[in-house]
Amino acid sequence: MSAWAEARSPAANDDADALDAYSRTVVEVAERLPPSVANLRILRRTRRGQVPVGAGSGVVLTPDGFLLSSAHVVAGAGRGRAAFVDGRELRFSVVGSDPLSDLAVLRAEADDLAPAELGDAERLRVGQLVVAIGNPNGFAGSVTAGVVSALGRSLPSRAGRAVRIIDNVVQTDAALNPGNSGGALVDSSGRVVGINTAVAGVGLGLAVPINAATRKVIGALMSEGRVRRAYLGIAGGARPVPPRARGEVRGSTCVEVVEVVEGSPADRAGIRPEDMILEVAGTPVTGVDDLQRLMVGELIGVSVGLRLLRGGETRELTLVPAELTTKET
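Notes on the structure follow. Remember, it's a predicted structure, so these values are computed and weren't measured experimentally. (Residues numbered from 1 in each chain as written. Predicted model: local features only at pLDDT ≥ 70, side-chain atom pairs only at ≥ 80, totals over all residues. Heavy atoms only, no water.)

**Thoughts on the overall build of the chain**
Item 1. The secondary structure content of the chain amounts to five helices and 20 strands.
Item 2. Here the chain holds 329 residues, and 46% of them are scored as buried.
Item 3. Taking contacts inside the chain between residues at least 6 apart in sequence as the whole, the part at least 24 apart equals 60%. (Helix = DSSP H or I, 4+ residues; strand = E, 2+ residues; numbered from the N terminus. Buried < 20%, exposed > 50% of the residue type's maximum accessible area, 1.4 Å probe, protein only. Contact = heavy atoms within 4.5 Å.)

**Side note on the environment of Asn-135**
Item 1. Position of Asn-135 among the secondary structure elements: in the loop between strand S7 (129-134) and strand S8 (142-159).
Item 2. Residues Asn-135 and Ala-38 lie 97 residues apart in sequence; the distance between their C-alpha atoms is 7.9 Å.

**Some thoughts on the pattern of salt bridges**
When their charged atoms lie close together, side chains carrying opposite charge are able to pair.
Item 1. For the structure shown, the criterion picks out 16 salt bridges.
Item 2. Note that Glu-109 is salt-bridged to Arg-91, the shortest N-O span being 3.4 Å. In this pair, Glu-109 sits in the loop between strand S6 (103-108) and S7 while Arg-91 sits in strand S5 (residues 89-98), placing the two residues 18 residues apart along the sequence.
Item 3. What makes Glu-109 exposed here is its relative accessible area of 52%. (Salt bridge = Lys/Arg side-chain N within 4 Å of Asp/Glu carboxyl O.)

**Here's the deal with the pairing of S5**
Item 1. Sheet topology note: the strand S4 (residues 79-83)/S5 ladder contains five bridges and is antiparallel. Bridge pairing in S5 links Ala-83 to Glu-89.
Item 2. From the end of S4 to the start of S5, which pair antiparallel, there are five residues, and Gly-87 there has a positive phi angle of about 100°.
Item 3. Between the antiparallel neighbours S5 and S6 lie four residues, among them Asp-102 with a positive phi of about 55°. (Pairing = 2+ DSSP bridges.)

Just distances and angles here, no functional claims.
In structure tokens form, the structure reads like this:
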């Protein structure tokens, strides 16, 4: 053993061991995941034929060619080419796209792809190591590492006039650049916990989480090519429940109705501006995000009870949610 090695303090040895452990984890992920992440070239048909109009990344879901990417990566296009680190370049088509979750499912012409393992972003902790894998600026199989900087962030999404909030977005300081969108954000075990979607600034990247809600979106896109959501037809915001009514409700905040769309389910049910929505289908509504989470496809065309405050008095109404289209708000 060298004199230098003998002179190293226990603390220095511990630091070296920690660095080695960190490096080993990133290297293992970097070796395991790139075959499951494709470099996407988005094509659009024009008078000159198929021309490239964009690029991004995609994550392999199944051996028979299903890929997961960001909806904004494939927006306005129906097909493209997916290149893999083994040199293959495969044609793909867009199976379904959901701008309101910024997720899209593609189908490549293959039956022997290497699928990534999906994890659960709900188990992430701030400070946890994560690795981003994608194709920034066209450099295939690029790997960057960082930590989970924050959890529970919200990201506005829009499709036509329809606007929703993507909940529980993962914030990371792993470097993301143009082309990373649609790529994988993975934990130290190599499980995909997010789909990289936005670069909000230097050292500030955002990823749509992989959780129970987004798994339902992915499943719907794979099987039906779209995601069905219920629609009430109101605009509103969170407001504290008036003190005189707090003894009658289960929450301290509610949703105050600011606007009711004419002819919408809310309009037909008799909801008015300044009403305060307390519960929908027996579930407390403390903010707009609660209301959005309740608007699942199963409620379309189904009569549901709604409890609200109007002029200080509690009222019960019944409404029938319709299906959300991108022309609605």
